[in-house]
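# A structural walkthrough
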Amino acid sequence: MSPFETNKERFVGNRFGMFIHWGLYAMGARHEWLKKAEKMTSEEYQKYFDHFDPDLYAPTAWAKAAKNAGMKYMVITTKHHEGFCLWDSKVTDYNATNTPYGKDLLRPMVDAFRAEGLRVCLYFSLIDWYHEHYTIDQMHPLARAGEEPANENRDMAKYRSYMFEQVREIMTNYGEIDMLWVDFSFDPAGPFAGKNKDDWGSEELVEMIRELQPGIMINNRLGLDTAPDFVTPEQYQAEFWPVDEDGNRLVWEACQTFSGSWGYHRDEDSWKDLRTLLWLLIDSVSKGGNLLLNVGPTGRGELDYRALDRLEGIGSWMKSHSRSIYGCTASDYTPPPNCSYTQNGNRLYLHFYQWPIRMIKLDGLKGMIKYAQLLNDASEIIIDEKDFGQIQTEGIAFGENFVRLQLPPNRPPVEIPVIELFLRDEKEISGHSDDAVATNFID
Ligand code: GLC
């Protein structure tokens, strides 16, 4: 397998990663777009740079929190739209080493996550609201309604070569990087008079990146017409496994926040509860995707206490249920209401968002299940294949190709219970009288 194929396979199997949005905006503590939202000039924004001193920064604690939650990789914002660099970039002074903190923040992070066994991926903003040659478009903090942007002294070509150098630095100095998560292109002809592949030099950029990191996966935000390595639905749940124009299934990763902001937001209170977060993970895997869940550390360098609380909850569920996540994908079987399936070979995982009363009916699975157990404690679940007869007047389904599971009356003491179904393999069911069953089999 090529380094790229190996990386892709690992990425897909890992299923769950931590996104980290960290920059000067953590100090404003009111969204990573605050420079734009409040139309701040770089001079006005400078107060954050001048006071940036994350003295409690302990990347090992971050890495442990991610690992305990069951996350297998991290993606860190090396530079966000504000233009500030976490690493010691040689092409700008606008980096962590020149703040009161005075040190490169990226290297210890990369080392700490690797030491905990997580894979390292980098986010890089194509957009840059600090660089003097980045032309002012309608998304820029200096854009003013009804005014022509003052771009006479700005030269995108100069910004482009600066950006190439930055990408070269992060692709060269931090070891093997599993993916580059660039952000983002927006239509030059659209209302924001945006920037696209020609502004970024996307084709050449990709060429350079692949030369420096042959195994790397690159996301879909460079504005290229060619197929991306993976796609990144953001802040909504995909309704089905994303496909290309020819209907081929794409590698995909949902990116989601704990609350409505990516950067640390002190006063934001739309925090998702544990069940919702687990649903995001299971639902993504049940549609063949990954989940990248975002934390916004504070200006002191700690993970938000609310995020830590949720991460712990996710971790305690993952401890006994990660088997239904890692290496799993969509199943061709249709789950019962309020449930999701994930599948790994002949193990089918039934997730319950709501615990039914006494029994549940599984379509398409007659004669297919060899053994069933609750995943949290490996306690047997009785498979019931008997025919109830035709009692449709009582609302009990009848027919050919389903089975029922007998469920304990008490909901298992976990946030989302899972039943692990061991399916018969093809050999064992060959010769089965019901052809419909055999054709339902998934390898
Ligand atoms: C958007 C936002 C940005 C965030 C990103 C994460 O593109 O501009 O703030 O980093 O989404 O997906």
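Refer to the structure above for everything that follows.
Owing to the predicted nature of the structure, the values given are computational and were not obtained by experimental measurement.

## Things to note about the side chain of His81
As for its placement among the helices and strands, His81 is situated in the loop between strand 2 (73-79) and helix 6 (106-115). On the basis of relative accessible area, His81 is assigned to the buried category, the value being 1%. Only 2.7 Å separates the side chain of His81 from the side chain of Ser125, close enough to count as a polar contact. In contact with His81, other than residues within four places in its own chain, are Trp33, Tyr123, Ser125, Ile127, Asp128, Trp129, Asp183 and Phe184.

## Considering the layout of surface pockets
Volume-wise, the largest pocket comes out at about 230 Å³. Around the largest pocket sit 13 residues that line it, and Pro336, Pro337, Ile360, Lys361 and Leu362 are the ones nearest its centre. Examining the composition of the lining of the largest pocket, we find that 5 residues originate from one element, strand 10 (residues 359-363), more than from any other. Looking at the lining of the largest pocket residue by residue, the class counts come to 8 nonpolar, 3 polar and 2 charged.

## Looking at the side chain of His21
As for its placement among the helices and strands, His21 is situated in the loop between strand 1 (16-20) and helix 2 (25-28). Note on His21: relative accessible area 3%, which makes it buried. Of the polar contacts made by the side chain of His21, one reaches the side chain of Asn294; its length is 2.8 Å. For His21, the contacting residues outside a window of four places in its chain are Thr77, His80, Tyr123, Trp262, Gly263, Asn294, Val295, Gly296 and Pro297.

## With respect to the sheet that holds strand 13 (residues 402-406)
Pairing is antiparallel in the open sheet, where 3 strands are placed in the order 10-13-12. What marks the edges here is a single partner per strand, and that holds for strand 10 and strand 12 (382-384). Within the sheet, the average angular offset between the axes of one strand and its neighbour, ignoring direction, is 30°. Bridge count for strand 12 against strand 13 is 3 bridges, and the pairing is antiparallel. Bridging across to strand 13, Asp384 finds its partner in Arg404.

## Re the sheet that holds strand 11 (residues 369-374)
Pairing between sheet strands relies on hydrogen bonds along the backbone, with the strands arranged either parallel or antiparallel. The 4 strands lie next to each other as 8-9-14-11, forming an open sheet whose pairing is antiparallel. Looking along the sheet, the strands with just one partner apiece sit at the ends: strand 8 (339-344) and strand 11. With direction set aside, neighbouring strand axes in the sheet form an average angle of 20°. In this structure, strand 8 lies alongside strand 9 (residues 347-352), joined through 6 bridges in antiparallel fashion. Bridge pairing links Tyr341 to Leu350 in strand 9.

## Details of the nonpolar core
One finds Trp22, Met109, Phe113 and Leu180 to be the most contacted residues of the largest nonpolar core, which totals 99 residues. Here this core gathers at least three residues from each of two domains, domain 1 (3-324) and domain 2 (339-441). Contact partners of Phe113, with chain neighbours within four places excluded, come to Met18, Ile20, Pro59, Trp62, Ala63, Ala66, Met74, Leu118 and Val120. The next biggest cluster of nonpolar side chains, apart from the first, holds 21 residues, and it includes Leu374, Val403, Leu407 and Leu421.

## Overview of the packing of helix 5 (residues 59-68) against helix 6
Viewed as axis vectors pointing N to C, helix 5 and helix 6 meet at an angle of 40°, and their least axial separation amounts to 8 Å. Considering their axes alone, helix 5 and helix 6 lie oblique with respect to each other. Between helix 5 and helix 6 lies a crossing of right-handed hand. Seen from helix 5, the contacting residues are Pro59, Thr60, Trp62, Ala63 and Ala66; seen from helix 6, they are Pro108, Met109, Ala112 and Phe113. Residue composition of the contact of helix 5 with helix 6, by class: 8 nonpolar, 1 polar and no charged.

## What about helix 4 (residues 42-51)?
Within the sequence span of helix 4, burial applies to Ser42, Tyr45, Tyr48 and Phe49. Burial along helix 4 is one-sided: seen end-on, the buried residues are contained in an arc of 100°. Projecting away from the buried face of helix 4 at angles above 90 degrees are the exposed residues Glu43 and His51. In the core, the buried residues of helix 4 are packed alongside helix 2 and helix 3 (34-37).

The rules behind these values
- Along each chain, the written sequence defines residue order, and numbers are assigned to residues from 1.
- Only residues with pLDDT of at least 70 are given local features in this predicted model, and only at 80 or more are side-chain atom pairs given and counted; all residues enter the totals for whole chains, interfaces and linings.
- Side-chain metrics in this entry use all non-hydrogen atoms of the structure; hydrogen atoms and water are not considered.
- Numbering of helices and strands runs from the N terminus, with a helix taken as a DSSP run of H or I at least four residues long and a strand as a DSSP run of E at least two residues long.
- Between buried and exposed lies partly exposed: a residue is buried under 20% and exposed over 50% of the maximum accessible area for its type, with that area taken using a 1.4 Å probe on protein chains only.
- Within 3.5 Å is the distance limit for a polar contact, defined as a pair of N or O atoms, with the added protein rule that one can donate a hydrogen and the other accept it, and that residues adjacent in sequence qualify only through two side-chain atoms.
- Only heavy atoms matter for contacts: two residues are in contact if any of them lie within 4.5 Å across the pair.
- Of the two site types, the cavity is a set of points on a 1 Å grid over the protein atoms alone where a 1.4 Å probe fits but cannot get out, and the pocket is an open set with protein on both sides within 12 Å along at least five of seven lines, each lined by residues with an atom within 4 Å of a point.
- Grid points are joined across faces, edges and corners, and a volume is the space filled by probe spheres set on the points.
- Only Asp, Glu, Lys and Arg are considered charged, only Ala, Val, Leu, Ile, Met, Phe, Trp, Tyr, Cys and Pro nonpolar, and every remaining residue, Gly among them, polar.
- Should DSSP find at least two bridges between two strands, the strands are regarded as paired.
- Note on method: axes are straight lines fitted to C-alpha atoms, helices fitted across the in-contact stretch only, with angles between N-to-C directions ranging 0 to 180 degrees.
- Take the buried Ala, Val, Leu, Ile, Met, Phe, Trp, Tyr and Cys residues and link them wherever side-chain atoms come within 4.5 Å; each set so joined is a nonpolar core.
- Domain extents, as shown, originate in an automatic or database domain assignment.
- Angles below 35 degrees are treated as roughly parallel, those above 145 as roughly antiparallel, those between 65 and 115 as roughly perpendicular, and all remaining angles as oblique.
- Should the near helix be turned anticlockwise from the far one by less than a right angle, the crossing is termed left-handed; should it be turned clockwise, right-handed.
- Taken from the helix axis, the directions to the C-beta atoms give the arc we talk about.

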